[in-house]
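Residues per chain are reported as follows:
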Amino acid sequence: MTQQSAAASSATSGSGLLLQLTNPKVYVSLLALSLVLVIPLVSGSPFLIHVFVTICVFAALSTAWNIVGGYAGQLSLGHMMFYGIGAYTTALLIQHFGLTPWIGMWIGAVIAAVVAALIGYPCFRLRGPFFSLSTIAFLEVIRLLAIHFVGFTGGSAGLIVPLKLGWAWMVFSDKTNYLYIAFGLLLLTIGVSLAIRTSRLGYYLTAVREREDAALAAGISNSDVKLKAVIVSAMLTALIGAFHAMYLTFLEPATMFSLGTSIEVAMFSLIGGLGTVAGPLLGTVLVVPLAELARGWLGAQANGLHGFVYGTVLVLITLTLPAGLVGTFGPTVSRWIDRLPGGGRRPAERIAPALRKLEGAKGEPILTTKNLVMQFGGLTATDNVSITLKRGEILGIIGPNGAGKTTLFNQMSGFLIPTSGTVAVAGPNGAMVTPASPDGFARLGVGRTFQIVQPFGRLSVIENIMIGAFLRHPNVQDARAVALRVAATVGLLDQKDVEARNLPIGALKRLEVARTLASEPDILLLDEVMAGQNQSDTMRMVELIRSIRDTGVTVIAIEHNMQAIMSLSDRIVVIDNGRMIAEGDPREVVKDRKVIEAYLGEDFVDAQGF
Amino acid sequence: MDVLIQLLINGIMLGSMYAIISVGLTLIFGVVRVVNFAHGEFLMVGMYAVYLLFAKLGVHPYVAAVPVVILLFLLGVLIQRFIIQPLLDADEHIQIFATVGLSTALVNLALMVFGADLYSVSAPDLRQSLRLGPYTVLVGQVVMLAASLALVIGLHAFMQTTALGRAIRATAQNRTAALLMGVRVDRIYIISFGLGAACVGLAAALVSPLFPATPTVGTYFVLTAFVVVVLGGMRSMYGAFLGAMIIGLVDSLSAYYIAPDLKEVVYFAIFILILIFKPTGLFGFGRGTE
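The structure displayed is predicted, hence computed values, not measured ones.

So, about the overall build of chain A. Of the regular secondary structure elements, chain A holds 27 helices and 12 strands. A principal-axis box enclosing the C-alpha atoms of chain A has dimensions of 100 × 60 × 45 Å. Looking at chain A residue by residue over its 610 residues, the buried ones come to 48%. Summarising the internal contacts of chain A: among those between residues at least 6 apart in sequence, 73% fall at separations of at least 24.

Right under this line is the structure:
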């Protein structure tokens with residue numbers, strides 16, 4: 001980031017607060033949120049206060065769950081384990097050590113964070129339903145253990161919170177105090193959720209949820225990002241659990257570690273809109289009062305009724321509104337709100353200045369492969385390939401279909417670990433190093449595109465490019481400025497707000513290049529970026545690749561478009577059957593007998609009399 | 001020694017019960033590729049149906065198997081057609097929510113209709129003990145073992161020898177290719193889901209004499225069934241059968257040697273370890289869970 005842009009961003013944040021408060025999106029949200037506090041306080045009815053405390057608790061739980069279930073797309077159905085851990089830790093610390101719940105709840109949160117990390121790390125690689133099942137299994141294990149160790153937890157009989165009144169002990173005879181705390185927790189949770197959503201972490205979580213491979217190529221460590229989400233979510237859930245236990249004054253394993261409640265919390269998010277900031281609150285506000293009223297009116301007759309309604313609503317929502325209320329109606333409501341006073345302002349867009357010129361001596365080795373061998377069962381896809389990529393060159397890789405070109409790329413970018421042989425990249429201090437993971441390669445400056453394009457379909461074009469830009473620019477505004485510059489370079493500026501899944505293939509190929517380019521790589525691995533482009537787009541791509549090289553980036557490109565690759569490359573490597581059969585100047589290589597044979601067959605070579 | 005052998009016998013008997021419940025789950029996952037969280041509730045519905053036939057009409061539970069299997073087949077068909085099929089191309093988490101929602105709705109529907117009371121089918125002939133030297137088993141358990149073996153072998157034969165079975169296997173392996181070969185994939189999915197549910201109908205008839213029906217009986221069994229299916233490698237009938245036997249033995253042994261209320265902890269621990277370290281299942285059948 002240049003000094004100029006740093007100064008610019010601090011200037012906007014100075015007058016930012018007032019500017020934000022006059023933005024209708026902000027003041028409408030704040031007004032709506034304050035209703036959760038104002039309605040019960042004005043009414044003064046104990047029943048309403050109870051209902052709103054419950055709303056605050058469940059909205060906060062659902063908002064916390066949404067960080068993992070929505071943003072990260074990891075559908076935890078065992079989230080109440082963190083709630084229970086917070087609750088039991090706090091209650092036991094009061095009972096045995098006389099520790100105030102204000103401190104105990106944070107100890108509970110830390111324990112929940114540790115448990116979340118221990119569970120999350122191994123389970124994150126499980127696919128959708130199996131992740132959900134494993135979280136259910138963990139919840140059941142913890143619940144059964146809580147029942148088993150009677151001496152510690154009170155077992156099935158439960159545990160009563162020591163009733164010492166006052167703020168220090170979080171137990172009150174005046175129920176409005178509970179409402180203040182519950183509302184505070186709701187604000188805290190929504191604040192954290194909003195902060196994540198609008199930060200680099202939020203974008204990264206979306207990227208990981210949408211496409212793990214493309215996220216890795218953008219230098220994102222999938223497990224780190226998910227781990228952060230689950231730890232934050234678990235801590236918030238534990239804090240809320242601790243408070244709720246103080247409110248209920250009674251803990252038993254069946255309600256503290258309940259699968260049913262875990263599902264309910266997830267359901268509120270789904271109804272409101274998975275992965276949205278306001279969704280979980282909205283879902284809770286709609287459903288909880290109905291359930292509480294039904295319980296109040298019908299009493300024991302309603303046994304099972306609210307669960308039946310919950311289940312049915314859940315099925316209906318998945319069939320009719322899978323994006324939830326916010327996901328479906330959000331954009332429309334947002335346009336209405338923009339018509340209010342002060343609305344519709346768009347901050348001026350900033351375009352980042354051109355990229356620094358890369359340093360390093362031209363022609364020095366920047367990436368080397370030594371005797372690479374890659375075997376898939378009996379098939380040898382890469383057979384003893386040694387390539388040295390020199391800084392500043394454009395290296396073309398050609399070869400017939402199935403020759404093993406993409407497999408080679410996958411090894412050069414860390415997506416495949418070679419069976420034998422090594423890949424090494426020039427590190428920051430000039431030494432050659434081998435990163436351990438694809439995101440490690442990306443951080444060292446190896447940027448790659450995918451032959452089968454991997455856009456983040458639900459993100460806009462500019463957001464897709466920002467995912468790449470975040471690698472070197474953690475600040476959202478800076479990343480956006482860089483992304484705008486790159487979008488202009490590849491000719492996607494006009495489509496910057498289009499959702500990526502709506503782009504035609506030619507534009508998707510350019511987006512693929514743009515996202516990689518935004519990560520400001522030293523080495524750019526391009527896998528058939530000209531396939532699917534029309535004539536004029538191809539010309540533009542050739543020009544683009546040249547101009548990228550002129551900024552000092554080293555390019556290595558797999559291509560089937562012979563005319564383009566021959567005119568572009570300084571050097572050509574030909575791969576056939578996993579082996580390197582020719583290497584050298586483009587004009588020499590095309591005349592090589594082995595190369596013609598590989599493409600056109602032996603008969604052709606003989607007939608032409610080479 | 002006697003105790004150990006009795007425990008092993010109990011384990012195998014328990015295993016055959018888990019096997020007969022898990023076979024349908026394997027079938028549905030293997031073909032439709034949907035993890036059916038409402039599977040246990042199918043069992044619950046079947047058990048209430050068996051109970052009603054027994055209590056109102058005096059039908060023996062084993063005779064009740066015939067109408068209950070048909071009922072569950074139809075239930076499966078309707079659920080596949082109207083809930084799962086519209087969501088086949090939706091995100092995985094939407095499918096999870098749909099079957100979780102279905103499960104919640106069915107449990108609570110049962111609670112509204114039948115209350116929380118236990119309903120037992122009294123079939124004294126099936127609860128009789130058979131003596132084998134110093135060891136005992138219940139008649140109903142022996143029937144269950146025989147039935148679960150017959151079901152697994154029968155389903156396997158059906159899949160291998162009939163045209164429909166081949167179409168189901170083709171669909172399971174590659175939906176698009178099957179479609180291109182003229183297999184009506186939607187219909188295969190509906191039939192497979194129906195068959196999976198029908199297997200649970202059979203299980204309900206066999207389990208009813210030994211276990212009372214409650215709204216949550218399905219939740220109790222389905223988690224075990226998931227453990228079994230994951231252990232067996234997700235898509236293999238025989239894998240599921242072996243997985244069920246292992247869980248049956250673990251259940252029986254750990255209840256005695258560790259603590260009765262911790263047996264589930266033991267097999268959930270196995271479940272989690274398998275998911276993490278050997279996602280293709282214990283025997284390497286199937287393609288696993290990643």
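Along the backbone of chain B there are 11 helices and 2 strands. In chain B, the succession of α and β elements from N to C terminus is α-α-α-α-β-β-α-α-α-α-α-α-α. For 290 residues, the compact-globule estimate of 2.2 N^0.38 gives 19 Å, and chain B sits close to it at 19 Å. Overall, chain B is about 60 × 45 × 35 Å in size when its C-alpha atoms are taken along their principal axes. Here chain B holds 290 residues, and the buried ones make up 54% of them. Taking the contacts inside chain B whose residues are at least 6 apart along the sequence as the reference set, 75% of them involve residues at least 24 apart.

When the parts of a complex come together, some accessible area is lost, and that lost area is often used as the size of the interface. Each side of the interface is counted separately: chain B has 36 residues, and chain A has 37 residues. At the level of secondary structure, the elements contributing two or more residues to the side of chain B that touches chain A comprise α4 (92-114), α9 (217-231) and α11 (263-277) of chain B. Considering each element in turn, the side of chain B that touches chain A owes the most residues, 16 residues, to α4(B). Here the residues of the side of chain B that touches chain A sort into 27 nonpolar, 5 polar and 4 charged.

A few words now on the domain arrangement of chain A. All names here are of chain A. You can read the domains of chain A as domain 1 (18-258) and domain 2 (365-608). Look at where the C-alpha atoms of domain 1 and domain 2 centre, and you get two points 44 Å apart. Listed as interface residues are 17 residues of domain 1 and, on the opposing side, 22 residues of domain 2. Mapped onto the side of domain 1 that touches domain 2, the elements with two or more residues apiece are α10 (200-210) and α11 (212-217).

With that out of the way, let us pick up the sheet that holds strand β9 (residues 523-527) of chain A. All names here are of chain A. Here we have 6 strands laid out as an open sheet, ordered β8-β9-β10-β5-β11-β12, and mixed in their pairing. Each of the sheet's edge strands pairs with one partner strand only, and the pair in question is β8 (446-448) and β12 (579-584). Strand-to-strand twist in this sheet, taken as the mean axis angle between neighbours without regard to direction, amounts to 15°. As defined by bridge partners, β9 adjoins strand β10 (residues 554-558) across 5 bridges and the pair is classed as parallel. The residue of β10 that forms the bridge with Ile 523 is Thr 554. On top of the sheet, helix α18 (residues 405-412) reaches β5 (394-398), β8, β9, β10 and β11 (571-576); it is set at about 150° to β9, its chief contact. Running over the sheet, helix α26 (residues 593-600) touches β11 and β12 and is turned about 130° from β12.

Residue and element names in this part refer to chain A. Strand order in the open sheet formed by 4 strands is β4-β3-β6-β7, with antiparallel pairing between adjacent strands. One side of each edge strand has no neighbouring strand; the edge strands of this open sheet are β4 (379-390) and β7 (432-433). Here strand β6 (residues 420-426) pairs with β7 via 2 bridges, running antiparallel. Bridging from a neighbouring strand, Val 425 pairs with Val 433 of β7.

Definitions and cut-offs
- Residues numbered from 1 in each chain as written.
- Chains lettered and ligands numbered in written order.
- Predicted model: local features only at pLDDT ≥ 70, side-chain atom pairs only at ≥ 80, totals over all residues.
- Helix = DSSP H or I, 4+ residues; strand = E, 2+ residues; numbered from the N terminus.
- Buried ≥ 20, exposed ≤ 12 C-beta atoms within 10 Å, placed from the backbone.
- Contact = placed C-beta atoms within 7 Å.
- Rg over C-alpha atoms; globule rule 2.2 N^0.38 Å.
- Nonpolar A, V, L, I, M, F, W, Y, C, P; charged D, E, K, R; others polar.
- Domains from an automatic or database assignment.
- Pairing = 2+ DSSP bridges.
- Axes fitted to C-alpha atoms, helices over the stretch in contact; angles between N-to-C directions.

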